[in-house]
Amino acid sequence: MVDYSMFRFFWLLCIGICSLSAASAADNSALKEIGRRVWVNECAGSTQGLVSWNAGEKFPSLGIGHFIWFPAGCREPFDESFPQFIAYAARRGAAIPAFFRGPAPWATRAAFLADHSGRADQMRRWLAAHVELQTQYLAERSRAALPRMMRASQRPDTVRAWYEALARTPQGLYCLIDYVNFKGEGTKTTERYRGQGWGLLQVLEEMRGTPAPGPAAAAEFSRAAASVMQRRVRNSPPERGEKKWLPGWLNRCRTYAPGK
């Protein structure tokens, strides 16, 4: 039997996210604005921030979305997103520099900070020249996450309804695109503390009330995202010291509310 509800859903999703492509044909302002906001969130809008390595982490972060990139032998429970972006960029016909192939070229943060070869600046220049491509990747990543989130959820209809409501407005699209980059899909069982995740799936499941497009949906997303972040910190291993990151994470969640 054909599931016409799914056909309807994907049609509405195309209206929401793929409308950005229609805008792109004119002036691309909606997609550019989302990309600018993500860049500010992750890198303070700076070119220098396009290649960085945070203290306490075992990997560098690159691009407007701070896509993580593992050195050889690194094993972390997080989704390694930079190679995925590079594969996407190659499919879109971008010329990929050789230094973006394989694992991250620095084994440690100390080695990254001591590298004065100019390689990081070369990477920054390439990334700064491909901001639109990175934003398109983020939009595609959000859209592709939805079927996986529905399969992973015990309340797939609720997840779909909230996603659909958010995808109908520019602010809601920003919520969906930015958060899946910020904390992932929430579908990987390795991305859990005490059995509870912190990705987009968990935020959509945390949302309350009746899904409907408009400012109220974005406001509820902001509240739910903050709640999920606070729960992650409570569940996190003490040795990770995640409490120090919570104020910044909550500031990020506030940007999802209307007018922020």
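Please refer to the structure higher up on the page.
Heads up: these notes are all about the structure in this document. (Residues numbered from 1 in each chain as written. Predicted model: local features only at pLDDT ≥ 70, side-chain atom pairs only at ≥ 80, totals over all residues. Heavy atoms only, no water.)

**Topic: the sheet that holds strand β1 (residues 51-52)**
Backbone hydrogen bonds hold the strands of a sheet together, and the pairing may be parallel or antiparallel. Taken in spatial order, the three strands line up as β1-β2-β3 in an open sheet, and their pairing is antiparallel. Two strands bound the open sheet, and with one partner strand each, they are β1 and β3 (67-68). Where strand β2 (residues 61-62) meets β3, two bridges bridge the pair, whose relative direction is antiparallel. Paired with S61 across the bridge in β3 is I68. (Pairing = 2+ DSSP bridges. Helix = DSSP H or I, 4+ residues; strand = E, 2+ residues; numbered from the N terminus.)

**A word on the side chain of S222**
You can see S222 is positioned in helix α11 (residues 215-235). On the basis of relative accessibility, which here comes to 11%, the residue S222 falls in the buried class. Residues within four places of S222 in sequence aside, it is in contact with C253, R254, Y256 and A257. (Buried < 20%, exposed > 50% of the residue type's maximum accessible area, 1.4 Å probe, protein only. Contact = heavy atoms within 4.5 Å.)

**Quick notes on helix α7 (residues 131-152)**
The end-to-end C-alpha separation of α7 is 31 Å, in line with the 32 Å expected for 22 residues at 1.5 Å each. At L146, α7 shows its maximal kink, close to 30 degrees; a proline, P147, follows between one and four residues later. (Expected span 1.5 Å × (residues − 1). Bend = angle between axes of the 7 residues up to and from the residue.)

**Digging into the nonpolar core**
Residues F85, F100, Y179, L204, F221 and M229 are the most contacted members of the largest nonpolar core, which totals 74 residues. Excluding residues that lie within four positions of it along the chain, L204 makes contacts with M149, V159, W162, Y163, L166 and F221. (Core = buried A, V, L, I, M, F, W, Y, C linked by side-chain atoms within 4.5 Å.)

**Description of the packing of aromatic side chains**
Using the criterion set out here, one finds 21 aromatic pairs in the structure. Taking the centre distance of 4.9 Å and the plane angle of 80 degrees together, the rings of F99 and F100 count as edge-to-face. F99 sits in the partly exposed class, given a relative accessible area of 23%. Given a relative accessible area of 3%, F100 falls into the buried group. (Phe/Tyr/Trp six-rings, centres within 6.5 Å; stacked < 30°, edge-to-face > 60°.)

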